[in-house]
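What follows is each chain in one-letter form.
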Amino acid sequence: GRMSANTSMVTEFLLLGFSHLADLQGLLFSVFLTIYLLTVAGNFLIVVLVSTDAALQSPMYFFLRTLSALEIGYTSVTVPLLLHHLLTGRRHISRSGCALQMFFFLFFGATECCLLAAMAYDRYAAICEPLRYPLLLSHRVCLQLAGSAWACGVLVGLGHTPFIFSLPFCGPNTIPQFFCEIQPVLQLVCGDTSLNELQIILATALLILCPFGLILGSYGRILVTIFRIPSVAGRRKAFSTCSSHLIVVSLFYGTALFIYIRPKASYDPATDPLVSLFYAVVTPILNPIIYSLRNTEVKAALKRTIQKTVPMEI
């Protein structure tokens with residue numbers, strides 16, 4: 001009947017994003033373009049430095065390079081389309097485009113969740129088990145940890161996306177968000193989505209709370225070890241390495257938990273795009289800033305690279 005005729009009709013969605021801020025479209029475009037270019041440049045620079053500098057070959061930098069590559073993908077899933085919408089005022093996205101965007105956003109987001117846990121394990125091993133560190137984080141172990149993180153991302157993306165887009169969409173097609181995020185897309189599905197919501201909350205709980213638990217556990221052990229270090233300088237160095245990681249982790253997990261672990265009915269179109277902005281757009285630019293500006297080895301590598309490429313003027 002009418003119902004089935006209607007369900008097949010939703011061939012595209014309308015992403016409202018920041019369309020209510022009509023006077024600010026130009027300003028928002030400039031701000032997001034600047035953030036995007038800096039994010040890609042900053043993370044690309046880390047990938048290049050770690051790949052070419054002999055001093056940055058420890059597991060910590062292997063993971064940092066992986067994280068930076070991931071951040072470029074993660075921010076490119078949402079921001080270029082947002083920029084296009086801000087510039088043209090056209091806010092449409094096809095159904096398949098929406099599914100693709102959701103898949104890649106989940107893929108990169110879930111991979112980052114797991115990778116941040118691997119990085120915490122690396123710091124734990126380096127600080128709490130220094131003698132066994134080369135064994136605990138051999139190159140093979142690093143590759144396995146990174147590989148598992150990427151595999152986890154693929155599973156999460158494939159676990160949610162085809163399932164959601166096989167459900168019937170009844171007709172309303174406006175998404176009060178600047179990209180195809182699970183929660184607001186689910187609100188457009190007709191019929192009962194409680195099973196999906198439960199699936200999302202469970203998957204998220206596993207994906208966010210397990211790595212987050214591992215991270216807190218690692219840092220708990222690290223803090224205990226740090227407080228046993230007799231020299232103040234040694235304590236400070238150990239702490240500064242970890243505090244930068246902790247800042248990234250708290251921002252990423254905090255905002256993601258806020259959005260995902262709750263029923264879809266409590267989705268608020270006024271504030272939620274702002275919260276999502278935080279983990280979709282802001283955390284990827286903080287990574288190179290926090291990890292590099294607070295890291296003397298990365299700064300030294302950057303200096304060496306500049307000196308190599310720009311010959312000294314006599």
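Residues numbered from 1 in each chain as written. Predicted model: local features only at pLDDT ≥ 70, side-chain atom pairs only at ≥ 80, totals over all residues. Heavy atoms only, no water.

Student: Explain the state of the cysteines to me, using residue names and the numbers behind them.
Tutor: The term disulfide refers to a covalent linkage connecting the sulfur atoms of a pair of cysteines. Applying the stated criterion across every chain, the model contains one disulfide. Sulfur-sulfur distance for the disulfide between Cys 98 and Cys 180 comes to 2.0 Å. What sets the handedness of the Cys 98 and Cys 180 disulfide is the S-S torsion sign, and at about -115 degrees it is left-handed. Taken as a pair, Cys 98 in helix α4 (residues 95-128) and Cys 180 in the loop between β3 (174-175) and α7 (182-186) lie far apart in primary sequence, 82 residues in all. Cys 114 takes part in no disulfide bond, and the closest cysteine sulfur, belonging to Cys 152, lies 3.1 Å away. Residue class for Cys 152 comes out buried when judged on its relative accessible area of 19%. (Disulfide = S-S within 2.5 Å. Helix = DSSP H or I, 4+ residues; strand = E, 2+ residues; numbered from the N terminus. Buried < 20%, exposed > 50% of the residue type's maximum accessible area, 1.4 Å probe, protein only.)

Student: Give a detailed account of the nonpolar core, specifying residues and quantitative values.
Tutor: Counting residues in each nonpolar core, the largest one holds 91 residues, and the members touching the most others are Phe 13, Phe 32, Leu 116, Phe 165 and Val 185. Counting residues per element, this core draws most heavily on α4, which supplies 20 residues. Residues in contact with Phe 32, not counting those within four places in the same chain, are Phe 18, Val 79, Leu 82, Leu 83, Leu 86, Leu 277 and Val 281. (Core = buried A, V, L, I, M, F, W, Y, C linked by side-chain atoms within 4.5 Å. Contact = heavy atoms within 4.5 Å.)

Student: Would you mind going over the pattern of salt bridges in detail, with residue names and values included?
Tutor: On inspection of all chains with the given rule, the structure shows three salt bridges. Residues Asp 53 and Arg 304 are paired through a salt bridge, measuring 2.9 Å at the closest nitrogen-oxygen approach. In this pair, Asp 53 sits in the loop between α2 (25-52) and α3 (59-88) while Arg 304 sits in helix α11 (residues 296-309), placing the two residues 251 residues apart along the sequence. Among the residues examined, Arg 304 registers a relative accessible area of 34% and is labelled partly exposed. Residue Asp 122 is joined to Arg 123 by a salt bridge in which the shortest nitrogen-to-oxygen separation is 3.0 Å. Assigned by exposure class, Asp 122 and Arg 123 land together as buried. (Salt bridge = Lys/Arg side-chain N within 4 Å of Asp/Glu carboxyl O.)

Student: Let's hear about the sheet that holds strand β2 (residues 92-94): which residues, and what values?
Tutor: Spatial ordering of the open sheet is given by β2-β1-β3, a layout of three strands whose pairing is mixed. Where the open sheet ends on each side, the last strands, each with one partner, are β2 and β3. Where strand β1 (residues 12-15) lies against β2, three bridges are found, and the strand directions are antiparallel. By the bridge assignment for β2, Phe 13 is matched with Ile 93. (Pairing = 2+ DSSP bridges.)

Distances and angles like these do not, on their own, reveal function.
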